[in-house]
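One-letter residues, chain by chain:
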Amino acid sequence: MDLEEYRRRARAWLVENAVEGAEGVAAARRFMAAMYDAGYSGISWPKEWGGQGLTQAEELAFAAEARDFTLPIYAFSIGLGMCGPTIVDLGTDEQRRRWVRPLLRGERIWCQLFSEPGAGSDVASLQTRAEPAEDGWIVNGQKVWTSVAQYADLGLLLARTDVEAPKHRGLTMLVIDMHAPGVTVRPLKDMSGRSNFNEIFFDNVHIPAENLIGQVDDGWSCAVTTLLHERLSISGGVGMSGARDNPASFERLREVVDTGDPIVRDQLVELYVRSRALTLFNQRLAEETRAGVFPGARGSAAKLLLAELTNFGADLAISLAGPEAVAYDDDGGGLARAVSQAPGLSLGGGTNEIMRNIVGDRVLNLPPEPRSDKNVPFKDLKVGTQQ
Amino acid sequence: MDLEEYRRRARAWLVENAVEGAEGVAAARRFMAAMYDAGYSGISWPKEWGGQGLTQAEELAFAAEARDFTLPIYAFSIGLGMCGPTIVDLGTDEQRRRWVRPLLRGERIWCQLFSEPGAGSDVASLQTRAEPAEDGWIVNGQKVWTSVAQYADLGLLLARTDVEAPKHRGLTMLVIDMHAPGVTVRPLKDMSGRSNFNEIFFDNVHIPAENLIGQVDDGWSCAVTTLLHERLSISGGVGMSGARDNPASFERLREVVDTGDPIVRDQLVELYVRSRALTLFNQRLAEETRAGVFPGARGSAAKLLLAELTNFGADLAISLAGPEAVAYDDDGGGLARAVSQAPGLSLGGGTNEIMRNIVGDRVLNLPPEPRSDKNVPFKDLKVGTQQ
Amino acid sequence: MKLVLSQEQQDLRGSVRSFLASVSPMSGVREAMESADGYDRSVYDRLNGELGLAGLIVPEEYGGAGAGHADLAVALEETGAALLPGPFLATVFATIALLPERDKELLTAVAGGGLTATVVSGPSAGPDGVVSGIAPQVINGLDAEVLLVRDGRHGLVAVDADAGGVTREALGTLDPTRRQARITFDRASGRVIAGSAAGEARSRDLIAVALAAEQLGVLRASLDAILAYSRIRVAFGRYIGSYQAVKHKLADMHCKLEQAESIVRHAAWAADESPGELPEAAALAQIYLGRACFEVARDHLLLFGGIGYTWEHDAHLYYKRAKADEVLLGPPRAARARLADLLEL
Amino acid sequence: MKLVLSQEQQDLRGSVRSFLASVSPMSGVREAMESADGYDRSVYDRLNGELGLAGLIVPEEYGGAGAGHADLAVALEETGAALLPGPFLATVFATIALLPERDKELLTAVAGGGLTATVVSGPSAGPDGVVSGIAPQVINGLDAEVLLVRDGRHGLVAVDADAGGVTREALGTLDPTRRQARITFDRASGRVIAGSAAGEARSRDLIAVALAAEQLGVLRASLDAILAYSRIRVAFGRYIGSYQAVKHKLADMHCKLEQAESIVRHAAWAADESPGELPEAAALAQIYLGRACFEVARDHLLLFGGIGYTWEHDAHLYYKRAKADEVLLGPPRAARARLADLLEL
């Protein structure tokens with residue numbers, strides 16, 4: 001089947017099945033199961049573990065068609081974007097068998113447990129401890145910024161197993177049962193008033209030995225794999241869609257502001273120029289990907305630009321709309337929400353500063369900054385907030 | 001005499017003596033001598049060495065009046081702003097006697113010899129050597145960015161006397177006779193086509209022992225004194241005058257661009273806002289200075305803002321004026337010159353990056369960046385450009 | 001020109017600052033903003049009772065302190081820095097509107113600290129003081145006891161907030177620390193206070209300067225908060241303030257603060273001492289402070305990293321106040337167009 | 001849509017790049033810009049003789065290569081990166097203006113590499129081809145052998161540069177690598193080449209895309225130069241590229257390059273394959289590249305430090321080309337207003 005035919009059939013399936021208004025976790029599970037049965041879950045994942053064994057080309061073709069629909073699979077985004085690919089890359093066959101197919105069929109929801117209050121940009125300075133115990137580990141500590149944890153069955157955890165080693169060399173990756181005794185999930189309210197994230201507390205949680213991913217104390221290299229998948233899954237979608245959903249987008253804004261004012265017109269042009277510049281960059285990256293050139297760290301440039309554009313747009317929108325944007329009836333407030341959510345894009349998935357470091361180091365091959373924290377035993381290291 | 005009376009008399013003297021059109025070094029010497037005789041040279045400098053022994057208040061009052069005139073004393077600016085104050089602060093009485101009065105009377109022109117091709121922002125990594133010789137030193141090396149060196153009689157030199165010591169601890173400050181054998185001054189053409197700077201080459205130049213300023217190998221602390229005077233003398237004048245001389249200033253630009261266009265009007269407003277913001281900041285610093293609160297490193301913020309404003313204004317001016325700004329008759333080209341000279345303000349007297357470091361470290365008391373070059377013998381240090 | 005604080009002004013700053021730190025710390029602000037009224041009336045009463053802030057610029061003959069706008073700016077900088085909820089700024093605006101008319105009744109009541117008021121634009125009034133029309137957005141419209149309707153033809157009309165024909169509806173706001181309301185007037189009766197065009201123009205400028213002073217406080221408090229954090233937060237083994245990415249951004253924010261303070265001091269000085277310079281100085285203050293305050297508040301939030309994105313952290317309250325303040329008196333382009341007119345461009 | 005180079009285009013890029021590196025290195029550019037003519041005619045002849053660049057987009061029936069605008073963009077990116085002096089861009093503009101009219105005589109001459117031309121705006125022509133008026137600024141006006149006068153009513157008029165009534169005066173220029181002239185026409189005789197409004201509109205868009213391609217080259221070369229330097233220059237014991245102040249600025253410059261390249265590829269693709277999208281794509285390219293190219297060239301110069309401020313260093317040549325290019329087709333606000341019209345704002 002050629003790609004056009006694949007795309008046509010995918011679209012037909014989506015038209016039939018991606019009905020509006022399906023919400024909640026149960027609907028998500030049902031939709032994942034339907035996608036799996038139709039062969040659209042894990043399109044480029046290995047057939048052996050439950051995928052379809054097709055190429056990136058088909059994966060991208062389906063994604064391109066899916067952009068016109070709202071698929072109710074948000075709860076699976078972390079599993080599909082990060083955890084699943086990590087298991088496929090680094091798991092044992094036994095682990096792949098246990099976890100990949102249930103994920104693709106919507107039976108297991110995953111979350112990712114890396115960030116901590118004292119370890120944001122600097123993930124490797126995390127303090128959650130996993131201590132050896134009979135037939136496995138006992139985990140104590142706290143995680144934060146965890147999406148979909150409130151629904152999750154399983155979590156991909158990074159914990160410290162050796163405090164004598166330098167910080168990158170004493171971490172281990174484990175899969176944790178989110179329903180196990182001692183796991184507490186607490187929603188975290190963000191500045192826009194939503195609770196899309198959670199805090200997770202571990203109080204003597206037992207993890208069985210067979211849930212180890214990779215090697216003990218080699219968790220950092222596993223995490224690098226996961227983070228690579230995270231960045232690809234963020235930058236893959238950036239700037240490609242969603243303009244109609246964003247009240248601060250050029251398309252929506254032009255309908256509400258006074259374009260008779262030359263200054264307003266000129267500022268809308270500026271927003272258009274920046275939006276279009278990023279859209280075309282993303283389209284070029286997508287073309288390259290289809291041609292077999294993977295964006296790698298260049299995706300961090302796209303992510304940085306999206307964060308800046310989102311903040312620029314929300315700020316501009318309110319300045320153009322004026323007082324009514326900040327005091328409104330129940331049906332208003334779209335722009336206020338936009339400006340309250342915009343900073344999230346500059347913080348989630350790596351701050352703007354981290355993105356610039358990545359672009360500088362990995363795309364431009366600039367000399368690295370001297371590091372003082374690489375060879376010090378973790379227990380002697382300054383981490384987090386020091387009063 | 002109260003300050004108002006002082007100011008009135010100063011103005012009367014300036015009206016009488018600061019005639020337009022006086023140019024050249026001979027005129028500068030004559031004008032300095034006249035200023036000295038009238039008591040306006042070295043107003044706040046110690047009486048003992050040739051100054052007037054008055055306070056900063058009188059110094060600032062005279063400077064404020066002088067802004068409305070063009071004093072032909074450019075050749076003495078380095079001596080008055082940096083070298084002289086360093087001699088007054090750090091010289092022996094014998095040195096003060098020898099050098100201060102001749103400077104104030106216009107008999108000796110000074111230049112400052114710190115920067116080198118491999119040591120710009122990082123002045124302390126300079127490589128010019130001063131080796132002990134009979135009754136003094138022998139100097140070899142090269143300096144660059146030296147204003148008024150083509151007229152100079154004397155130079156304040158920073159040279160390396162110990163390559164075994166860490167870079168800040170092997171420097172010595174010396175006064176060099178610019179007419180001595182082995183000193184070559186070559187004009188350096190800048191990007192605007194002017195030759196306001198020079199390169200200086202030293203080929204076995206002898207400096208007598210009595211020309212040592214401070215202690216051997218303690219030149220860095222002497223240089224810090226000089227650089228402090230430099231920054232004060234730059235920031236003291238910034239944003240306070242010269243708008244009429246700058247074709248990219250708000251005042252000049254408003255006369256030539258199409259203010260009927262709302263976009264042009266809005267951009268002129270932006271230029272006005274930024275110019276006024278800096279002017280008022282400088283006026284506040286001046287008020288504080290008059291009240292006895294010295295700006296210190298806050299002057300670096302003013303210098304940074306002036307550099308950014310100058311570049312912003314020149315860039316904007318050409319964008320507003322359009323094609324005619326970049327292709328012109330003999331009597332045009334003012335804006336082209338402005339945009340060619342603007343970067344100079346971001347580079348001379350410390351780059352924008354150095355200014356931000358200073359503001360961050362000394363005004364905001366932020367933690368210092370780790371330094372790897374402080375305790376390494378200079379001869380083992382990487383400096384300059386490494387092919 | 002006077003761009004530095006006098007000793008008296010430094011004392012005023014100190015007393016307002018320490019008062020707010022003890023009486024309205026951020027924990028109190030959060031309680032107040034989540035309460036039904038949105039502010040703590042007892043804090044407001046103590047502010048006026050103990051510090052006499054409501055009467056600060058009211059002439060002594062009406063029971064006020066007779067202080068100048070430069071003094072008012074010092075106080076507003078502190079209430080801004082503390083994100084004080086409640087009708088203090090709204091009442092300052094109303095006081096400014098009343099000053100040129102020297103309305104004894106209301107000025108005396110305000111100076112006594114017993115009256116809250118707010119300025120209302122939109123509705124129109126007849127010469128008999130009967131007001132009709134809608135004011136789409138009124139700051140502290142639910143809190144004010146007197147509504148000062150500004151009518152282009154008949155000057156100010158004071159309407160009792162409880163008067164017949166007055167309907168007030170709460171609005172949703174970006175800034176949770178300052179409430180707004182829509183107020184509908186349906187033949188509501190008020191008292192006409194004569195007004196002049198010159199008085200109105202000056203009031204508008206003084207209101208812009210007062211807001212700019214609050215914004216200066218918001219800006220400064222944002223910068224101070226992130227400066228403190230950047231000295232204690234570690235990433236990759238170093239304090240984040242030692243990284244150039246952070247340090248240089250903070251240096252740029254400091255540059256904005258230096259200029260912002262200079263502009264506010266100048267505008268407040270002009271308000272007191274050089275009325276001819278006031279219109280330009282006020283427009284400059286509105287334009288510069290609106291932008292600089294938001295930019296600094298935004299960057300301070302971003303530099304906090306993930307913690308700054310949480311509801312529990314205070315960063316978003318400064319960010320939202322800054323953005324709401326930037327458009328409080330209209331879209332920024334309106335102030336810019338006004339400055340262009342003043343400059344005769 | 002096609003935003004990545006084909007193998008043929010990569011080959012074209014390689015051959016133009018290596019040709020220019022050997023035939024017109026920066027030392028040659030400096031000699032040329034200081035010479036009387038401002039460029040080296042032999043370089044121009046070899047460019048056309050060996051690479052056939054002048055005829056690249058001329059249809060094969062007139063002796064050209066019949067290539068598309070996407071190919072032209074690749075070539076112009078390289079001549080831009082090399083700051084090639086001389087009438088290449090001017091002749092490309094003239095060729096673009098001639099294309100819709102398919103004027104055999106001139107297209108054949110251009111394709112042969114033997115003719116230099118430039119487009120002239122300002123003067124007006126009669127139906128008999130007699131031209132009068134002043135063209136205040138014409139790029140390579142002294143170098144061109146044929147002046148293509150664009151008259152709103154009668155289309156293009158080709159005037160011999162040596163014709164009677166034509167007076168050419170050299171102008172001072174910000175950019176020393178591209179000369180401009182004022183040309184006065186006093187009843188000069190030319191040949192009328194019929195022109196259509198549609199053809200003229202398309203030509204204007206294509207000229208904007210061609211210039212944007214040159215600007216992409218200037219941008220990329222500036223960034224490459226400072227990237228290389230930041231890897232070898234040491235300050236305070238470290239390579240300057242390891243400092244976040246430098247690294248993060250370079251990352252932002254790279255982001256501009258990525259977007260700039262995407263925009264140029266898209267506009268060139270639209271020129272060849274999707275004429276309906278061309279006007280918007282061309283306006284976008286003119287706006288984005290004008291600004292991004294100057295900003296990157298400026299920042300590259302500043303990051304070089306003092307050495308970048310010297311005449312001997314090449315940084316200022318890129319900076320000046322970038323600024324001159326930004327206003328070559330008019331002030332930026334004109335392109336922005338045009339885009340607003342196209343977007344029906």
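Residues numbered from 1 in each chain as written. Chains lettered and ligands numbered in written order. Predicted model: local features only at pLDDT ≥ 70, side-chain atom pairs only at ≥ 80, totals over all residues. Heavy atoms only, no water.

(A) Region of interest: the overall build of chain A. Each helix and strand counted, chain A has 11 helices and 9 strands in total. Its C-alpha atoms give chain A a radius of gyration of 22 Å, within 12% of the compact-globule value 21 Å for 387 residues. Counting only C-alpha atoms and orienting by the principal axes, one finds that chain A spans roughly 70 × 60 × 45 Å. Classification of the 387 residues of chain A by burial places 55% in the buried group. Contacts in chain A between residues at least 24 apart in sequence constitute 71% of all its contacts with a sequence separation of at least 6. Summing over all exposed atoms, chain A offers an accessible surface of approximately 16,000 Å²; the carbon and sulfur share of this is 48%. The centroid of the 40 positive side-chain charges in chain A is displaced by 2 Å from the centroid of its 52 negative side-chain charges. (Helix = DSSP H or I, 4+ residues; strand = E, 2+ residues; numbered from the N terminus. Rg over C-alpha atoms; globule rule 2.2 N^0.38 Å. Buried < 20%, exposed > 50% of the residue type's maximum accessible area, 1.4 Å probe, protein only. Contact = heavy atoms within 4.5 Å. Areas by Shrake-Rupley, 256 points an atom, 1.4 Å probe, with all protein chains shown as cover. Lys, Arg positive; Asp, Glu negative; His and termini not counted. Charge placed at Lys NZ, Arg CZ, Asp CG, Glu CD.)

(B) The arrangement of the pattern of salt bridges in detail. According to the stated counting rule, one finds 124 salt bridges over all chains in the structure shown. With a shortest N-O distance of 3.0 Å, Arg 265 of chain A and Asp 341 of chain D are connected by a salt bridge. Of the two residues, Arg 265 of chain A is situated in helix α8 (residues 262-290) and Asp 341 of chain D in helix α11 (residues 332-342); the pairing between them involves two chains. Judged by relative accessible area, Arg 265 of chain A falls into the buried class, the value being 18%. Linking Asp 329 of chain A and Arg 182 of chain C is a salt bridge whose minimum nitrogen-to-oxygen distance equals 2.3 Å. (Salt bridge = Lys/Arg side-chain N within 4 Å of Asp/Glu carboxyl O.)

(C) A look at the interface of chain B and chain D. Listed per partner, the contact involves 51 residues of chain B and 44 residues of chain D. In total, chain B and chain D occlude about 3,900 Å² of area from one another, counting both sides; carbon and sulfur atoms represent 59% of this. On the chain B side of the contact with chain D, Met 191, Val 326 and Leu 347 of chain B bury the most area, a combined 16% of that side's loss. Counting across the interface, chain B meets chain D through 5 salt bridges. (Buried area = accessible area lost by both parts, 1.4 Å probe.)

(D) View of the domain arrangement of chain A. Per the domain assignment, the segments making up chain A are domain 1 (3-104), domain 2 (110-219) and domain 3 (241-350). Domain 1 of chain A and domain 3 of chain A are separated by 28 Å when their C-alpha centres are compared. (Domains from an automatic or database assignment.)

(E) Representation of the pairing of strand β2 (residues 129-133) of chain B. All names here are of chain B. Examined bridge by bridge, β2 and strand β3 (residues 136-143) share 5 bridges and lie antiparallel to one another. Following the sheet pairing, Ala 130 is matched in β3 by Val 139. Here β2 hands over to β3 after 2 residues, with Asp 135 in that stretch at a positive phi of 55°. (Pairing = 2+ DSSP bridges.)

(F) Seen up close, the interface of chain B and chain C. Listed per partner, the contact involves 38 residues of chain B and 37 residues of chain C. Summing both sides of the interface, chain B and chain C together bury roughly 3,500 Å²; the carbon and sulfur share of this comes to 62%. For the pair chain B and chain C, the interface holds 9 salt bridges. Put simply, Arg 356 of chain B and Asp 252 of chain C hold a salt bridge, and the shortest N to O gap is 2.8 Å. Linking chain B with chain C are 21 residue pairs in polar contact (both at pLDDT 80 or more), by the criterion used here. Elements represented by at least two residues in the side of chain B that touches chain C include exactly α7 (250-256), α8 (262-290), α9 (298-321) and α11 (352-363) of chain B. At 17 residues, α8 of chain B tops the list of elements feeding residues into the side of chain B that touches chain C. Its residues assigned to classes, the side of chain B that touches chain C shows 19 nonpolar, 5 polar and 14 charged. (Polar contact = N/O pair within 3.5 Å; in protein donor to acceptor, adjacent residues only side chain to side chain. Nonpolar A, V, L, I, M, F, W, Y, C, P; charged D, E, K, R; others polar.)

(G) Looking closely at the sheet that holds strand β10 (residues 384-385) of chain B. Spatially, 3 strands are ordered β10(B)-β9(D)-β10(D) in an open sheet, and the strand pairing comes out antiparallel. Unpaired on one side and paired on the other, β10 of chain B together with β10 (238-239) of chain D mark the two borders of the sheet. Looking at chain direction, β10 of chain B and strand β9 (residues 233-235) of chain D are connected through 2 bridges and run antiparallel. Each bridged residue has a counterpart across the sheet, and for Thr 385 of chain B the counterpart in β9 of chain D is Arg 233 of chain D.

(H) Seen up close, the packing of aromatic side chains. Under the counting rule described, the total for this entry stands at 20 aromatic pairs over all chains. Summarising the aromatic geometry, the rings of Trp 99 of chain B and Trp 110 of chain B are spaced 5.7 Å apart at their centres and angled 90° between planes, so their arrangement reads as edge-to-face. A residue pair is termed long-range when its members are at least 10 positions apart, and Trp 99 of chain B in helix α5 (residues 93-104) and Trp 110 of chain B in strand β1 (residues 110-113) qualify at 11 residues. Each member of the aromatic cluster is reached from another via a ring pair, and the members are Tyr 6, Trp 13, Phe 31, Tyr 40 and Phe 62 of chain A. (Phe/Tyr/Trp six-rings, centres within 6.5 Å; stacked < 30°, edge-to-face > 60°.)

(I) Highlighting the domain arrangement of chain C. All names here are of chain C. Looking at chain C, the domain boundaries give domain 1 (7-195) and domain 2 (198-342). Between domain 1 and domain 2, the C-alpha centre-to-centre distance is 22 Å. Between domain 1 and domain 2, the residue contacts involve 29 residues of the former and 34 residues of the latter. Both faces combined, the contact of domain 1 with domain 2 buries some 2,800 Å², and carbon together with sulfur accounts for 62% of it. Linking domain 1 with domain 2 are 6 salt bridges.

(J) Structural view of unusual backbone geometry. All names here are of chain A. The backbone of Trp 145 sits at a positive phi, close to 65°, despite the residue not being glycine. You can see Trp 145 is positioned in the loop between β3 (136-143) and β4 (154-160). Judged by relative accessible area, which is 23%, Trp 145 ranks as partly exposed.

(K) Up close: the environment of Leu 104 of chain A. Residues and elements named next belong to chain A. Examined against the element boundaries, Leu 104 turns out to sit in helix α5 (residues 93-104). Sequence separation of Leu 104 and Met 35 is 69 residues, and the distance between their C-alpha atoms is 8.6 Å. Contacts of Leu 104, omitting those with residues within four sequence positions, involve Met 32, Tyr 36, Ser 41, Gly 42, Trp 45, Gly 50, Gly 51 and Leu 80.

(L) Spatial organisation of the side chain of Arg 178 of chain D. Residue and element names in this part refer to chain D. Mapped onto the elements, Arg 178 comes out in the loop between β7 (172-173) and β8 (180-193). Among the polar contacts listed, one links the side chain of Arg 178 to the side chain of Glu 214, at a separation of 2.8 Å. A polar side-chain atom of Arg 178 sits 3.1 Å from a polar atom in the side chain of Asp 325. Apart from the residues within four sequence positions on either side, Arg 178 is in contact with Leu 89, Ile 139, Asn 140, Thr 173, Glu 214, Arg 321, Asp 325 and Leu 328.

(M) Examining the pairing of strand β8 (residues 180-193) of chain C more closely. Residues and elements named next belong to chain C. Judged from the 7 bridges that link them, strand β3 (residues 130-139) and β8 form a sheet pairing that is antiparallel. Bridged to Ile 134 within β8 is Thr 184. Sheet topology places strand β5 (residues 155-160) next to β8; 4 bridges connect them, and they run antiparallel. Considered in β8, the bridge of Val 159 is made with Gly 190. Judged from the 5 bridges that link them, strand β6 (residues 166-170) and β8 form a sheet pairing that is antiparallel. In the sheet register, Thr 167 faces β8, and the bridge partner there is Thr 184.

(N) How the structure looks around the confidence of the model for chain A. Summary statistics for chain A give a mean pLDDT of 91 and a share of 96% for residues scoring 70 or more. In the model, residues 235-241 of chain A has pLDDT below 50 throughout and makes 14 contacts with residues more than four positions away in sequence or in other chains. (pLDDT = per-residue confidence, 0-100.)

(O) Highlighting the environment of Asp 314 of chain C. All names here are of chain C. Note on placement: Asp 314 falls in the loop between α9 (278-303) and α10 (315-326). Given the relative accessible area of 24%, Asp 314 is considered partly exposed. Asp 314 sits 89 residues away from Ala 225 along the chain, and the two C-alpha atoms are 9.4 Å apart. Dropping the residues within four chain positions of it, Asp 314 is found in contact with Met 26 and Arg 30. Within the local environment of Asp 314, its side chain forms a polar contact with the side chain of Arg 30, the two groups lying 3.0 Å apart.

(P) A look at helix α6 (residues 104-111) of chain C. Residues and elements named next belong to chain C. Leu 106, Leu 107, Val 110 and Ala 111 are the residues of α6 that are buried. On an axial view of α6, the arc spanned by its buried residues comes to 130°, and they lie on one face. The exposed residues of α6 that point more than 90 degrees off its buried face are Lys 104 and Glu 105. Considering only its buried residues, α6 is in contact with α5 (88-98), β4 (146-151), β5 and β8. Count one or two residues on from α6 and you reach Gly 113, which has phi positive near 85°. (Arc of directions from axis to C-beta.)

(Q) Representation of helix α3 (residues 41-51) of chain C. Residue and element names in this part refer to chain C. Every buried residue belonging to α3 is among Val 43, Tyr 44, Leu 47 and Asn 48, and all of these are buried. Buried residues in α3, looked at end-on, bunch into an arc of 130°, giving them a common side. Residues of α3 that are buried make contact with α1 (7-23) and α5. Once α3 ends, the next one or two residues include Gly 52, with phi positive near 65°.

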